[in-house]
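Take a look at the letters that make up each chain.
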Amino acid sequence: MRGEGENWRTRKMHSFSYRANALLTFSLTILALMCAMASLTDNFNSPSPTATVQILNVNRFQKRSNGDDEVAITLNVSADLQSLFTWNTKQVFVFLAAEYSTPKNTLNQVSLWDRIIPTKEEAKFSVKLKNKYKFIDQGSNLRGRDFNMTLHWHVMPKTGKMFADKLVLPGFRLPESYSYR
């Protein structure tokens, strides 16, 4: 009797379902280990992106009927973000924001433009554009206001955690008076 029970257990241990389970568990463990190693290799990348922004024209600078300031501008944005790409990078989301302070808020951020960059080849660009999103301040705080253009980016990896950073470009100033064109 004892020999029959051991034989049954031995046959059961080497059945197809047990072998498939062992193979699947081993494969998933190796896959998880490879994903962790891929994510860790991104820590060795030290990106050095560069960017310049020029205001080519203030197309419109007006006070809206509700009292808010609105600005429409033409920009030239040039950037080299290729160093953000590694073999683990899926895409990079980049956006340009105007940042300034007012008596009411220490930091105001207004997104002016954005883009998804899917490949390293497209990460070096120079574009002339009008602000994609409205540059509006809640109040009349923009006349003669100094502000920074800040290029923000979010790197989305194939595996691992997403990271974000920015490049602050100071030295911009809006006109002292409204212009209606």
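Residues numbered from 1 in each chain as written. Predicted model: local features only at pLDDT ≥ 70, side-chain atom pairs only at ≥ 80, totals over all residues. Heavy atoms only, no water.

Caption draft 1: Structural context of the overall build of the protein chain. Secondary structure assignment for the protein chain yields two helices and eight strands. Written out in order from the N terminus, the α and β elements of the protein chain read α-α-β-β-β-β-β-β-β-β. A compact globule built from 181 residues should have a C-alpha radius of gyration of about 16 Å, whereas the protein chain, at 27 Å, is more than 25% larger. Counting every position in the protein chain, which comprises 181 residues, the buried fraction comes to 34%. Contacts in the protein chain between residues far apart in sequence, at least 24 positions, make up 67% of those at least 6 positions apart. Only carbon and sulfur atoms are counted for the fraction: they give 56% of the accessible area of the protein chain, which is about 11700 Å². (Helix = DSSP H or I, 4+ residues; strand = E, 2+ residues; numbered from the N terminus. Rg over C-alpha atoms; globule rule 2.2 N^0.38 Å. Buried < 20%, exposed > 50% of the residue type's maximum accessible area, 1.4 Å probe, protein only. Contact = heavy atoms within 4.5 Å. Areas by Shrake-Rupley, 256 points an atom, 1.4 Å probe, with all protein chains shown as cover.)

Caption draft 2: How the structure looks around the pairing of strand β5 (residues 124-130). Of the two faces of β5, the one lined by Phe-125, Val-127 and Leu-129 is fully buried and the one lined by Lys-124, Ser-126, Lys-128 and Lys-130 carries no buried residue. Here strand β2 (residues 69-80) pairs with β5 via seven bridges, running antiparallel. Bridge pairing links Leu-75 to Leu-129 in β5. (Pairing = 2+ DSSP bridges.)

Caption draft 3: A look at the pattern of salt bridges. Per the stated rule, a full pass over the model turns up four salt bridges. The partner of Arg-60 in a salt bridge is Glu-70, and the shortest N-O contact between them spans 3.0 Å. Taken together, the residues span a long stretch of sequence, with Arg-60 in strand β1 (residues 50-63) and Glu-70 in strand β2 at a distance of 10 residues. Relative accessible area serves as the criterion here: at 28%, Arg-60 is assigned to the partly exposed category. (Salt bridge = Lys/Arg side-chain N within 4 Å of Asp/Glu carboxyl O.)

Caption draft 4: Representation of the pairing of β1 within the structure. Here β1 runs beside β2; their pairing, made up of 12 bridges, is antiparallel. Following the sheet pairing, Val-53 is matched in β2 by Val-77. Taking the residues between adjacent antiparallel strands as the criterion, β1 and β2 are bridged by five residues, where Gly-67 takes a positive phi near 95 degrees.

Caption draft 5: Local environment of the sheet that holds strand β3 (residues 89-100). Spatial strand order, β4-β3-β7-β8: four strands in an open sheet with antiparallel pairing. With one partner strand each, in any of the chains shown, β4 (108-117) and β8 (163-173) form the two edges of the open sheet. Strand after strand, the sheet turns through a mean of 20 degrees between neighbouring axes, direction not considered. Direction of pairing for β3 relative to β4: antiparallel, over a ladder of nine bridges. Each residue of the ladder has a partner; that of Val-92, found in β4, is Ile-117. (Axes fitted to C-alpha atoms, helices over the stretch in contact; angles between N-to-C directions.)

These figures capture arrangement, not role.
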